[in-house]
Protein chains: 2
Amino acid sequence: MTVNANLCALHGSYLFSETAARVAAFSQENPGKTLLRLGIGDVTLPVADAVVRALCAAAEEMGRPDGVHGYAPTAGYPFAIEAVRNGYYAPMGVDVAAEDIFISDGAKPDTAGAQELLSPGAVVAVCDPVYPVYADSNAMAGRRVVYLPCRAKDGFAPPLPRERVDAVYLCSPNNPTGMALSRDALAAWVDYARREDVLLLFDAAYSAYVAARDTPRSLFQIPGAQEVGVEFGSLSKSAGFTGLRCGWTVVPSANRWGLRRLWARRMATKTNGVAYPVQRAAEAALSPEGLAQSQQSVRYYQENARLLGEALRRSGYVVFGGADAPYLWVRCPEGLDGWGWFDRLLRQAQIVCTPGEGFGRCGAGYVRFCAFGRRDEIREAAERLGMNA
Amino acid sequence: MTVNANLCALHGSYLFSETAARVAAFSQENPGKTLLRLGIGDVTLPVADAVVRALCAAAEEMGRPDGVHGYAPTAGYPFAIEAVRNGYYAPMGVDVAAEDIFISDGAKPDTAGAQELLSPGAVVAVCDPVYPVYADSNAMAGRRVVYLPCRAKDGFAPPLPRERVDAVYLCSPNNPTGMALSRDALAAWVDYARREDVLLLFDAAYSAYVAARDTPRSLFQIPGAQEVGVEFGSLSKSAGFTGLRCGWTVVPSANRWGLRRLWARRMATKTNGVAYPVQRAAEAALSPEGLAQSQQSVRYYQENARLLGEALRRSGYVVFGGADAPYLWVRCPEGLDGWGWFDRLLRQAQIVCTPGEGFGRCGAGYVRFCAFGRRDEIREAAERLGMNA
């Protein structure tokens, strides 16, 4: 039996498994100490009442003889697809056809699976620093991954690739840097992709955090993007669905390589759709009532990011992100790299962050703080960061 | 951009998309006619009360500030893992370690993803006829697929491969033939795998339907299987979870190629676990109360299979399966192939089945009937089959 050597060759553990292991070791050695978790980007506020009611109603329905729901349509129930069209895209003025929307159990599985559209020999480009899933899922399949160095001097916007690539992963607002691409920057990417025949894989999981009026929330706000772009959406960070698992992928019929049919074939072969109660929950989250409730949570996290950024800047740190994203990307104190500052913050301040090195070579010398904590924890973290520079 | 030619080369549509399209076309032309759906293997009875209560309780918990559940552990919550150990494996006398169990959103995504453990150049063997997912997921990745011809004279048990392969997919009780492998047959497979260094990928999704006392429900009932086997389990057919999506994969620590660590790495990279309410529902389904409730449903479907098989045999058909599985595998009337009988049954009797050709070359001349219908539909189908031979 010959094992997948590309999978074996991946570094030992997924980034967040590694930070979790270090945190667990610290907690075991220091059982009395309370940790302030600003590491993994997980929500802390409950889901909206509308979501709870929808989950329960769907569950009760499934328990009645006349309410049985078996396999969902592979691309999702029409009610969930319409909710994405009307509750997500319509308010930003983007018209997406129902047949181009595929409901999934989250943006992570879909961004990880998107590489299956590409030939085994295709070359993909990712930002550096990068959300590890894009790079690892391609490395597992044996593809060459080109890194686009994102620098502080450019506000961590990625440069166009210098060499021929088949596809580029973009994430805006960005994980981990917290910076969003401007309309001009995104238009330049679409222009490049159309000219050079390159697929754009656009992760919009943090779109709800865009505050700047002219910053796009969807790739499809750029004319021509439907021809070369695929977009991943998620309710995880906008509606607190990290523990419910629902997102979507848009593969436009106008895609120049005919990827819509291939994505449908891939989904039909590899998944059996998303749980009916979860799709009902998604519908509720994207209803006017659900949106109003979850936007309160988004504003709460945005305020967290503001408080944390303010405290860090006041203490003299160089801070990126936070304005259009729930992440702050902060330069380490002189003489420390990301893992070094991670360890020091853990030991001295019991603050958990994520070391920039975990996101790639150009992440070195930075850490990511996430603003999904409870307000009291954020205030406490801001205070401790001031004392533990 | 170079598209995955292996994905493009797959036949146009997934089998069940194709049958669904033909059924939809018929319904559109014949709006008055009621169909008896014995095609796709989807349940028709509601989920157990215990499951409904668990879903609602978890949903309400997630709506409270002190009940927030974000990202689940990648391998599943310990309570769900323990439920699989104690509610599923313990009753059959199989001891599986908690760390070897990975909760997932179903056996289909996991059987489709298992090929990622293999080298791109690995050769896999599947039964013919076969559940299309095993073959298609490997074909999409460009692997060579060897078909093991399963013949009526052998009770549709697959022969050992004649050539060198890296992995073999087995499904018992089998989809589509409805036949289960005996203890001796399975022991011969384990012996072969250990001797020839071959991975066995064992799909146990229909294990709840095994009626014969000595027929194994788990590969791990065979000594030595932990060294060479991976097993996929599902609540879809045992507890009516087709619309809730929960299953598991067991990759034993004793695996000789160290696949447990690789599976964990793959899961951490490509998924964010299963919805918390769904894992609570799985726990409830595997509790004594849940098991008692869902075993009633299993018995109901078993009785359906018995009624259908009896009627078919009485009408002179050659029938396989049905005794240890919810599927009947029936030889077509003289002069008709599977698609031909499918079309005739649809037109003349408004019965939907699945043509054997859709499961592979050796499926030619057979159709699959599934016994998941409502009792009145099954009785009606049995009657019509008698009249429409």
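Here goes a summary of the coordinates provided. Predicted, not measured: the structure shown is a model, and the values here were computed from it.

Cut-off values and rules
- Position numbers for residues start from 1 in each chain and track the written sequence from start to end.
- All chains are assigned letters beginning at A, and all ligands numbers beginning at 1, according to the order in which they are written.
- Selection of residues for local features in this predicted model requires a pLDDT of at least 70, selection of side-chain atom pairs for listing and counting requires 80 or more, and totals for whole chains, interfaces and linings are taken over all residues.
- Water and hydrogen atoms were dropped before computing side-chain values, which therefore reflect all heavy atoms in the structure.
- All copies are superposed by least squares; the fitting set is the C-alpha atoms of residues with a pLDDT of at least 70 in both.
- Throughout, a contact is declared for two residues whenever any of their heavy atoms are within 4.5 Å.
- We call two strands paired when DSSP finds no fewer than two bridges between them.
- Put simply, DSSP marks the helices as runs of H or I at least four residues long and the strands as runs of E at least two long, and each gets a number from the N terminus on.
- Orientation is described by lines fitted to C-alpha atoms, with helices fitted over the stretch in contact, and by angles between N-to-C directions that extend from 0 to 180 degrees.
- Note on terminology: a nonpolar core comprises buried Ala, Val, Leu, Ile, Met, Phe, Trp, Tyr and Cys residues joined through side-chain atoms within 4.5 Å.
- Note on exposure labels: buried denotes an accessible area under 20% of the residue type's maximum, exposed denotes more than 50%, and partly exposed covers the range between, all computed with a 1.4 Å probe on protein chains only.
- By convention in these notes, a salt bridge is any Lys or Arg side-chain nitrogen within 4 Å of a carboxyl oxygen on Asp or Glu.
- A 1.4 Å probe defines the accessible area here, and the buried area is the portion of it lost by two parts on being joined, summed over both.
- Classification of ring pairs rests on two measures: the distance between centres of Phe, Tyr or Trp rings, Trp counted by its six-membered ring, which must be within 6.5 Å, and the angle between planes, read as stacked under 30 degrees, edge-to-face over 60 and tilted in between.
- In this analysis the charged atom, NZ for Lys or CZ for Arg, is taken to sit over a ring once it is within 6 Å of the ring centre and within 35 degrees of the ring normal.

## Observations concerning the relation of the copies chain A and chain B
- The transformation that overlays chain A on chain B combines an axial shift of 0.0 Å with a rotation of 180°, and the residual RMSD is 0.0 Å. Taken together, the turn and the small shift mark the pair as related by a two-fold rotation axis. In terms of proximity to the rotation axis, the leading residue of chain A is A:C56, whose C-alpha is 2.4 Å off the axis.
- Both copies share a contact surface, since 100% of the interface residues of chain A are interface residues in chain B too.

## With respect to the sheet that holds strand β7 (residues 229-234) of chain B
Residue and element names in this part refer to chain B.
- Taken in spatial order, the 7 strands line up as β2-β8-β7-β6-β5-β3-β4 in an open sheet, and their pairing is mixed. At either end of the open sheet lies a strand with only one pairing partner, and these are β2 (101-104) and β4 (144-149). Strand-to-strand, the axes of this sheet are offset by a mean angle of 20°, without reference to chain direction.

## Looking at the nonpolar core
- Counting residues in hydrophobic clusters, the biggest one holds 247 residues, and the most contacted among them are A:V168, A:F241, A:L308, A:F369, B:V168 and B:F241.
- Here A:V168 is in contact with A:A125, A:L148, A:P161, A:W189, A:Y192, A:V198, A:L199, A:L200 and A:L201, once residues within four sequence places are set aside.
- With 40 residues, the next largest nonpolar core counts B:L15, B:V23, B:F156 and B:W341 among its residues.

## Some remarks on the pattern of salt bridges
- Summed over all chains, the structure comprises 48 salt bridges over all chains.
- Notably, a salt bridge pairs B:D95 with B:R85, separated by 3.3 Å at the nearest N-O pair. Here B:D95, found in the loop between α4 (78-89) and β2, pairs with B:R85, found in helix α4; they are 10 residues apart in sequence, far enough to count as distant.
- Accessibility expressed as a relative area gives 60% for B:D95, which makes it exposed.
- Exposure remark for B:R85: the relative accessible area of 24% places this residue in the partly exposed category.
- Through salt bridges with shared partners, one network takes in A:R194, A:D197, A:E227 and A:R256.

## Notes on the interface of chain A and chain B
- If you look at the interface, chain A gives 75 residues, while chain B gives 75 residues.
- Taken over both partners, the interface formed by chain A and chain B buries close to 6000 Å², and the fraction arising from carbon and sulfur atoms is 60%.
- Where chain A packs against chain B, one counts 2 salt bridges.
- Across the pair A:D136 and B:R265 runs a salt bridge whose closest N-O atoms are separated by 3.3 Å.
- Elements with a contribution of two residues or more to the side of chain A that touches chain B: α1 (5-8), α3 (49-62), α5 (107-113), α6 (132-140), α10 (259-270) and α11 (276-285) of chain A.

## Things to note about the environment of A:V318
All names here are of chain A.
- Within the secondary structure layout, V318 lies in the loop between α12 (288-314) and β9 (319-321).
- Put simply, V318 and K108 are 210 residues apart on the chain and 30 Å apart in space, counted from C-alpha to C-alpha.
- If we skip the residues at most four places from it in the chain, V318 touches W329, V330 and R331.

## Describing unusual backbone geometry
- Put simply, A:D128 and A:P129 share a cis peptide bond, and its omega is 5°.
- For A:P129, the position within the fold is in the loop between β3 (123-128) and α6.
- Here the residue pair A:N175 and A:P176 is connected by a cis peptide bond, since its omega of 15° sits within 30 degrees of zero.
- If you check the backbone angles, B:F156 has positive phi at about 60° while not being a glycine.
- For B:F156, the location among the structural elements is in the loop between β4 and β5 (167-171).
- Residue B:F156 is classed as buried on the basis of its relative accessible area of 4%.

## A look at the environment of B:Q226
All names here are of chain B.
- Inspection of the secondary structure assignment puts Q226 in helix α8 (residues 225-228).
- In this structure, the C-alpha to C-alpha distance between Q226 and V96, residues 130 residues apart in sequence, is 9.3 Å.
- Residues in contact with Q226, not counting those within four places in the same chain, are D95, F220, P252, A254 and N255.

## Some remarks on the packing of aromatic side chains
Residues and elements named next belong to chain A.
- Taken as a whole and assessed by the stated rule, the structure comprises 46 aromatic pairs over all chains.
- Ring geometry for W189 versus Y192: centroids 5.6 Å apart, planes at 90°, classification edge-to-face. Of this pair, W189 and Y192 both sit in helix α7 (residues 183-196), 3 residues apart, roughly one helical turn. Here the two residues W189 and Y192 agree in accessibility, since each one is buried.
- Members of the aromatic cluster, connected to one another through ring pairs, are Y206, Y209, Y300, Y301, Y327 and F372.
- For the cation-ring pair, R375 lies above Y300, with the distance from its terminal atom to the ring centre recorded as 4.4 Å.

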